[in-house]
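Chain residues, written in single-letter form:
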Amino acid sequence: MSSLPLVRSLFALILLALPVSALARDKADMIVYGDYVLSMEKDGGVLRDGAVAIKDGVIMAVGPRAKINAQYKAAKKISGTDKVLMPGLVNGHTHAAMVLFRGMADDMTLIDWLQNYIFPMEGKFVDADFVRAGAQLACWEMVRGGTTTIVDMYFYPRVAAKVYETCGIRAILGAPMIDYPSPGFKGWDDSFAAGKDFVANFKDPSGKLIPAFAPHGAYTVSPDHLKEVLAAAKAAKAPLMMHVAESPSEMAVMKERYHNTSVRHIAGLGMLDYPLIAAHMVWPDEDEMDMMALGGKTGPIHNPTSNMKTAAGFSPVPQMIAKGINVGLGTDGAASNNDLDMWEEIRLAALIHKGKSGDATVMPADTVLAMATRMGAAAIGLGDVIGSLSPGKRADMIQLTLTSPRMEPLYDIESHLVYVAGSRDVVMTMVDGQVLMQNGKVRTLKAKTVIRDAEVQANKIRAALKAGETPAKN
Ligand SMILES: [Zn+2]
């Protein structure tokens, strides 16, 4: 007499008792958890005790921990205990390598600062080594603070791209072009030619680094040249970025030279009919905001710290957003900031428009967080790729720790992220499913090397300042 039939039926019973999911869980590369998960999808709300499954650098699923655990198995897991998980921050306008001019010249007029310090120092020192050291210093700071995508506008973009490839950040790299002499260039013709060559020939197999055209501004590039670069961008289907309506001095030049405003001037050239990353946009009027809203192609980038520091003015951000324009956030270069901390931009964007308008209800926390993520991604033309934790989008995400006494007590996570949190609270930064920073340690760049290389450049600048080559303040 054999007991085999009994064993068989017991086995069958055990199989039936197991949840189906345990037998056929999908394979993920990694699952990242969060006590709080902000997908930043429109009306996505806050998910308590959630998780994100990732495969091949892409988000597969977002949902409650139990559901994701039942559906996916993964060899690598990142704990979410006492953490908030959200999309990485999008810095929509910066000049990364300029971080080497951090704190060199402050508290002066924009013209004095540019003409007597920045332009002479750039002319003297900006070369491939400068950009390598600067981009690496900037990338360390940005990855440490939870920035996962940058729109960079600076010289030697191929050199910067190499640094970003190592660092792991996602970047749109704008080749700068201007009608005047600039580092490496005599004027428009050679800077435009180099930009065209960069956009045509730069290839990045990972897809994280995107070459772009970056004419400086409507007051520094002639209308004919702007038409030329717009046509080139259209032909190459490449991103286009420019400083637009930044300062009262720009507006004065435009009025005198063209009897026009910056926005109407570039609209007349067709630049509102092609996706344009429009840095600053401090001085659009009501009709111009309507034009941008109607066109739906312009992505203004708000740089509150830089705008305050250079006394450029208050951008009408609440009005632009109310009209349905996607407005992003940026740090601008660290020379006018003086850091690359998106959390400060988030907090300032939430505060200064309340102060300016006298209306404490403008720029609520969820709106400002959207500017730094989903809306910012849309403003730079990557709305389908990044900006929210959504299945199919690239796995660019960050975790912040909630264990500090500064975070106590917690009633509303979105409020805390805007008004309390800072770059020091970011404990994990991931781009394309690759962990670039964990527990304060940037994995892809060594802090020691970054500082050493920056010091080599800084010493040259110190010597020039000391020799009185620029009117340095004592
Ligand atoms: Zn700028």
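What counts, and where the lines are drawn
Residues numbered from 1 in each chain as written. Predicted model: local features only at pLDDT ≥ 70, side-chain atom pairs only at ≥ 80, totals over all residues. Heavy atoms only, no water. Salt bridge = Lys/Arg side-chain N within 4 Å of Asp/Glu carboxyl O. Helix = DSSP H or I, 4+ residues; strand = E, 2+ residues; numbered from the N terminus. Donors = N, O, S within 2.8 Å, 3.2 Å for Na, K, Ca; no water. Tetrahedral: all angles 85-135°; square planar, octahedral: opposite > 155°, others 65-115°. Buried < 20%, exposed > 50% of the residue type's maximum accessible area, 1.4 Å probe, protein only. Contact = heavy atoms within 4.5 Å. Core = buried A, V, L, I, M, F, W, Y, C linked by side-chain atoms within 4.5 Å. Domains from an automatic or database assignment. Buried area = accessible area lost by both parts, 1.4 Å probe. Arc of directions from axis to C-beta. Patch = residues over 30% accessible without salt bridge, like charges linked within 9 Å, V, L, I, M, F, W, Y side chains within 5 Å. Areas by Shrake-Rupley, 256 points an atom, 1.4 Å probe, with all protein chains shown as cover. Lys, Arg positive; Asp, Glu negative; His and termini not counted. Charge placed at Lys NZ, Arg CZ, Asp CG, Glu CD. Axes fitted to C-alpha atoms, helices over the stretch in contact; angles between N-to-C directions. Left-handed = near helix turned anticlockwise from the far one by under 90°. Nonpolar A, V, L, I, M, F, W, Y, C, P; charged D, E, K, R; others polar. Disulfide = S-S within 2.5 Å. Parallel < 35°, antiparallel > 145°, perpendicular 65-115°, else oblique.

Visitor: Would you mind going over the pattern of salt bridges with me for this structure?
Guide: Close approach of charged atoms allows side chains of opposite charge to pair. The tally for this structure, following the rule as stated, stands at 17 salt bridges. For E288, the salt bridge goes to R264, with nearest N and O atoms at 2.8 Å. Note that E288 is positioned in helix 11 (residues 286-295) and R264 in helix 10 (residues 262-268), a separation of 24 residues in sequence. Within the structure, one salt-bridge network assembled from shared partners comprises R170, R394, D396 and D432.

Visitor: I'm lost on the coordination of the zinc ion in this one. Help?
Guide: Six octahedral donors around a metal ideally sit at 90 or 180 degrees from one another, while four tetrahedral donors ideally sit at 109.5 degrees. Around the zinc ion, the protein contributes the donor atoms H93 (NE2), H95 (NE2), H243 (NE2) and D332 (OD), which lie 2.1 to 2.4 Å from the metal centre. One way to put it: the four donor atoms around the zinc ion meet at angles of 85 to 175°, and that makes the site irregular. For H95, a relative accessible area of 9% translates into the label buried. With a relative accessible area of 5%, H243 lands in the buried category.

Visitor: What should I look at first to understand the environment of V368 in this one?
Guide: Looking at where V368 falls in the secondary structure, it is placed in helix 15 (residues 365-372). Placed 18 residues apart in sequence, V368 and A350 show a C-alpha to C-alpha distance of 6.2 Å. Excluding anything up to four places from it in sequence, V368 contacts L329, I346, A349, A350 and M363.

Visitor: It is not clear to me how the nonpolar core should be interpreted in this structure. Could you clarify?
Guide: Most often, soluble globular proteins have nonpolar side chains that are buried together. Grouped together as the largest cluster of nonpolar side chains are 120 residues, with contacts concentrated most on F101, F130, Y164, F213 and L417. Discounting residues that sit within four places of it in the chain, F130 has contacts with A97, L100, F101, F125, Y154, Q457 and I461.

Visitor: What's the story with the domain arrangement of the chain in this structure? I'm lost.
Guide: Accessible area lost when the parts come together is the quantity often used to give the size of an interface. Domain boundaries assigned for the chain yield domain 1 (23-81) and domain 2 (88-382). Taking only C-alpha atoms into account, the centre of domain 1 sits 34 Å from that of domain 2. Contacts between domain 1 and domain 2 engage four residues on the former and five residues on the latter. Taken over both partners, the interface formed by domain 1 and domain 2 buries close to 310 Å², and the fraction arising from carbon and sulfur atoms is 64%.

Visitor: Got a minute to help me understand helix 11 in this structure?
Guide: Note: α-helices contain 3.6 residues per turn, so residues at a spacing of three or four share the same orientation. Along helix 11, the residues classified as buried are E288, M289 and M292. Mapping the buried residues of helix 11 onto a view down its axis gives an arc of 100°, with all of them on the same face. Lining the buried residues of helix 11 we find helix 10, strand 12 (298-302) and helix 13 (317-322). The first or second residue beyond helix 11 is G296, which carries a positive phi of 70°.

Visitor: It is not clear to me how a positive patch on the surface should be interpreted in this structure. Could you clarify?
Guide: A surface patch of like charges, here positive, comprises R25, K27, K73 and K77. You can see K27 is positioned in strand 1 (residues 26-38). Overall, the relative accessible area of 55% leaves K27 in the exposed class.

Visitor: I'm lost on the packing of helix 5 (residues 128-144) against helix 6 (residues 157-167) in this one. Help?
Guide: A pair of packed helices is characterised by two quantities: the angle between their axes and the separation of those axes. For the pair helix 5 and helix 6, the least separation of the axes is 9 Å and the interaxial angle reads 35°. As helix 5 runs across helix 6, the sense of the crossing is right-handed. Residues A128, V131, R132, A135, Q136, C139 and V143 of helix 5 lie in contact with helix 6, whose contacting residues are V159, A160, V163, Y164 and C167. For the contact of helix 5 with helix 6, the class distribution of residues is 10 nonpolar, one polar and one charged.

Visitor: Even after reading the chapter, I still don't get the state of the cysteines, so can you show me in this structure?
Guide: By definition, a disulfide is the covalent link that joins the sulfur atoms of two cysteine residues. If you walk through the whole model with that rule in mind, you get one disulfide. The partner cysteine of C139 in its disulfide is C167, sulfur to sulfur 2.1 Å. Judged by the sign of its S-S torsion, about -90°, the bond between C139 and C167 is left-handed. Here C167 lies in helix 6 and C139 lies in helix 5, a separation of 28 residues in the sequence. On the basis of relative accessible area, C167 is assigned to the buried category, the value being 0%.

Visitor: In this structure, what is going on with the packing of helix 7 (residues 188-201) against helix 8 (residues 223-236)? I would like to understand it.
Guide: Look at helix 7 against helix 8: their axes get within 11 Å of each other, and the N-to-C directions meet at 10°. One finds that helix 7 runs roughly parallel with respect to helix 8. From helix 7, W188, F192, K196 and V199 reach across to helix 8, where they touch H225, E228, V229, A232 and A236. Among the residues forming the contact of helix 7 with helix 8, the class breakdown is six nonpolar, one polar and two charged.

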